[in-house]
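Single-letter residue listing:
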Amino acid sequence: MFQEMIDKFKAIRLHFTLTAVLEVVLGVVLLIWPLTVVGLLATVVGVIVIAMGLVILVSKVFDEVGRAPGVLIGLILVIVGGWIVIHPAGIISIIPIMIGVGLVVHGAQNFSLALAAQKVDAPRWGWMVFASVVTIVFGVICIVCAVRVMDIAVRVGGIFMIIDGLSSIFMIHRVNVAERDVDSVIVKETDIEGF
């Protein structure tokens, strides 16, 4: 039973080690080529959307009920998927733009709350104004510099993946060292009992 547990730990460690190494490699790839990776993923999404559109299109062509709406939906998906494949940078920039719009809207709402707080003499309403303005500025940066924001975000994600992978490798190494220490103690006790 003890040997089965050791074998399980070894299999788990191998899995963790491979996962950690792949995470470090992917983190390095994201760090070096962030927009290329995101563009490739956008292209894959585009191909999937085209495939979905074609499936719907073909299935609805021979369907008597709901033919027109189904064909229209299929065509729209094929066109959108084609646009994504041809212009993956468009998809790359949409995400930060959407985040930026959300930040601007939320910042404006918070700004109006800060002004309402000023009218009722709420304490520290100036900090509320400051936080609202900072939120709006970050939103505008996301909108104006969408591709650059995505580039930085993917690079930061890559750095986090590298750190996580390296820390996992370090932990696995520490477990291996501890296990070897335990094995050497067990061997010494076995040698003592043999005498």
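Residues numbered from 1 in each chain as written. Predicted model: local features only at pLDDT ≥ 70, side-chain atom pairs only at ≥ 80, totals over all residues. Heavy atoms only, no water.

Assigned secondary structure in the protein chain consists of six helices and zero strands. Starting at the N terminus and walking to the C terminus, you meet the elements of the protein chain as α-α-α-α-α-α. Counting all 195 residues of the protein chain, 23% fall into the buried class. Split by element, the accessible area of the protein chain, about 13,400 Å² in all, is 78% carbon and sulfur. (Helix = DSSP H or I, 4+ residues; strand = E, 2+ residues; numbered from the N terminus. Buried < 20%, exposed > 50% of the residue type's maximum accessible area, 1.4 Å probe, protein only. Areas by Shrake-Rupley, 256 points an atom, 1.4 Å probe, with all protein chains shown as cover.)

For D121, which is not glycine, the phi torsion reads 55° and is therefore positive. Following the sequence through the fold, D121 ends up in the loop between α4 (88–119) and α5 (125–144). Positive phi values are uncommon outside glycine, yet R124 reaches one of about 60°. Turning to its location among the elements, R124 is positioned in the loop between α4 and α5. With a relative accessible area of 67%, R124 lands in the exposed category.

Together, I97, V101, V105, V140, I143 and V144 line one region of the surface with nonpolar side chains, adding up to about 450 Å² of accessible area. Elements that contribute at least two residues to the nonpolar patch include exactly α4 and α5. By relative accessible area, which is 40% here, V140 ends up partly exposed. (Patch = residues over 30% accessible without salt bridge, like charges linked within 9 Å, V, L, I, M, F, W, Y side chains within 5 Å. Salt bridge = Lys/Arg side-chain N within 4 Å of Asp/Glu carboxyl O.)

The next point concerns α4. Taking 1.5 Å per residue as the helical rise, α4 with its 32 residues ought to reach 46 Å, and the 48 Å between its terminal C-alpha atoms agrees with that figure. Among all positions of α4, only P88, G90, I92, S93, P96, G100, G107, A114 and A117 are buried. Note on α4: the residue one or two positions beyond its end, D121, has a positive phi of about 55°. (Expected span 1.5 Å × (residues − 1).)

When you line up the elements, S93 lands in helix α4. The class for S93 is buried, based on a relative accessible area of 16%. Once residues within four sequence positions are removed from consideration, S93 is found in contact with A146 and V147. (Contact = heavy atoms within 4.5 Å.)

Attention shifts here to helix α3 (residues 67–86). In a regular helix each residue adds 1.5 Å, so 20 residues correspond to 28 Å; α3 covers 28 Å between its end C-alpha atoms and thus fits that length. Turning to α3, its buried residues are G70, G74, G81, G82 and I84. All buried residues of α3 lie within an arc of 160° about the axis, which places them on one face of the element. Facing away from the buried side of α3 by over 90 degrees, the exposed positions are A68, L72, I79 and I86. Against the buried residues of α3 lie α2 (34–61) and α4. (Arc of directions from axis to C-beta.)

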